Amino acid sequence: VSTTGGDNVFAYAADNFKGNIEEYSNTEIKNNSISGLGYKIKIGNAKQTVQIKNGTYTVSYLYKKLVNLANGYVKINGEQFDFINTGNSFKEEAHTVEVTSNTLEFEVYSDTEDAFILCDLMGNIGTEKQTWTQNANETITDTVQIGKGIKVKSSTKNTELDADADGIRVVNTNTGETVAEFTDKGMETEEMTVRNRAQIAGMLVQQVGNQIWLSSLL
């Protein structure tokens, strides 16, 4: 891990939002943004609210409109900024707000599924936009994300390893299905291959030659 958290008051991971939003990145985002990280905006609202000290903050982001007839907007502490048609390019926005109630809320809305891409969401102290950095509580690289848990995505396979306080899961990123789960109750999985020996509830299952032997360990 070579990248650590910075001065951004907003966290990237989608589970920091209340609502429907999808973490998303592609070659276009990597070529046009600092972070290389973005979101696809789903139908409805998604909000991230952070508790911070009062003062002046600047919130900045990039977005691109993918569906011309779609409507969407960003709200920052209730002040609305509509998405406009951006053609084939990304549009950069920066808005300065005064925080007086120790709360900064970023809300994004779309009336059409996957109609907008948003990236480089940044909230920093002061009246000037700062270059995007990570949140101090997150560490994100191309394959590793550390926030409320740890996510490790394969660069060659359709798998993701999620490690949280309540367990470890292996997810098929194509289907979103959890194919293996390890919790305080034990393990649950779709398939299991044991190449040598398996011990199950005091029962030994072992291959001897071309036969399968079942024996008691009790």
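Residues numbered from 1 in each chain as written. Predicted model: local features only at pLDDT ≥ 70, side-chain atom pairs only at ≥ 80, totals over all residues. Heavy atoms only, no water.

Caption draft 1: Focus on the overall build of the protein chain. Scanning the protein chain from N- to C-terminus turns up one helix and 18 strands. In terms of overall size, the protein chain is more extended than a compact globule, its C-alpha atoms giving a radius of gyration of 23 Å where 218 residues would be expected to give roughly 17 Å. Principal axes of the C-alpha set define a box for the protein chain whose edges measure 70 × 40 × 30 Å. By the burial criterion, 37% of the 218 residues in the protein chain qualify as buried. If you take every contact in the protein chain between residues at least 6 apart in sequence, the share linking residues at least 24 apart comes to 63%. Here the protein chain has roughly 13000 Å² of accessible surface; of this, 46% comes from carbon and sulfur atoms. (Helix = DSSP H or I, 4+ residues; strand = E, 2+ residues; numbered from the N terminus. Rg over C-alpha atoms; globule rule 2.2 N^0.38 Å. Buried < 20%, exposed > 50% of the residue type's maximum accessible area, 1.4 Å probe, protein only. Contact = heavy atoms within 4.5 Å. Areas by Shrake-Rupley, 256 points an atom, 1.4 Å probe, with all protein chains shown as cover.)

Caption draft 2: Seen up close, the pairing of strand 4 (residues 72-76). Summarising burial for strand 4: four of the five residues are buried, a large majority. Where strand 4 lies against strand 7 (residues 103-110), five bridges are found, and the strand directions are antiparallel. Its bridge partner lying in strand 7, isoleucine 76 is registered against phenylalanine 106. Here strand 4 runs beside strand 5 (residues 79-82); their pairing, made up of four bridges, is antiparallel. From the neighbouring strand, valine 74 faces strand 5, where its bridge partner is phenylalanine 81. In this structure, the hairpin formed by strand 4 and strand 5 is closed by a connection of two residues, where asparagine 77 is found at a positive phi of approximately 50°. (Pairing = 2+ DSSP bridges.)

Caption draft 3: Main features of the sheet that holds strand 16 (residues 197-200). The strand order across the open sheet formed by three strands is 16-17-18, and the pairing between neighbours is antiparallel. A strand with exactly one partner marks an edge of an open sheet, and here the two such strands are strand 16 and strand 18 (211-216). Direction aside, neighbouring strands of the sheet carry axes that sit 20° apart on average. Pairing analysis gives four bridges linking strand 16 to strand 17 (residues 203-208), with the strands arranged antiparallel. For arginine 197, the partnering residue across the bridge sits in strand 17 and is glutamine 206. (Axes fitted to C-alpha atoms, helices over the stretch in contact; angles between N-to-C directions.)

Caption draft 4: Here's a closer look at a nonpolar patch on the surface. Residues Ile150, Val152, Leu161, Ile168, Phe182, Met187, Met192, Val194, Ile200, Met203, Ile212 and Leu214 make up a contiguous nonpolar surface patch of about 1000 Å² in total accessible area. With respect to the helices, strands and loops of the structure, methionine 187 is situated in strand 15 (residues 186-189). Classification of methionine 187 by relative accessible area gives partly exposed; the value is 46%. (Patch = residues over 30% accessible without salt bridge, like charges linked within 9 Å, V, L, I, M, F, W, Y side chains within 5 Å. Salt bridge = Lys/Arg side-chain N within 4 Å of Asp/Glu carboxyl O.)

Caption draft 5: Representation of the confidence of the model for the protein chain in the model. Across the protein chain, pLDDT averages 87, with 92% of residues at or above 70. Here residues 1-5 is a poorly scored stretch, pLDDT under 50, and it has 16 contacts once near neighbours within four places are set aside; other chains count. (pLDDT = per-residue confidence, 0-100.)

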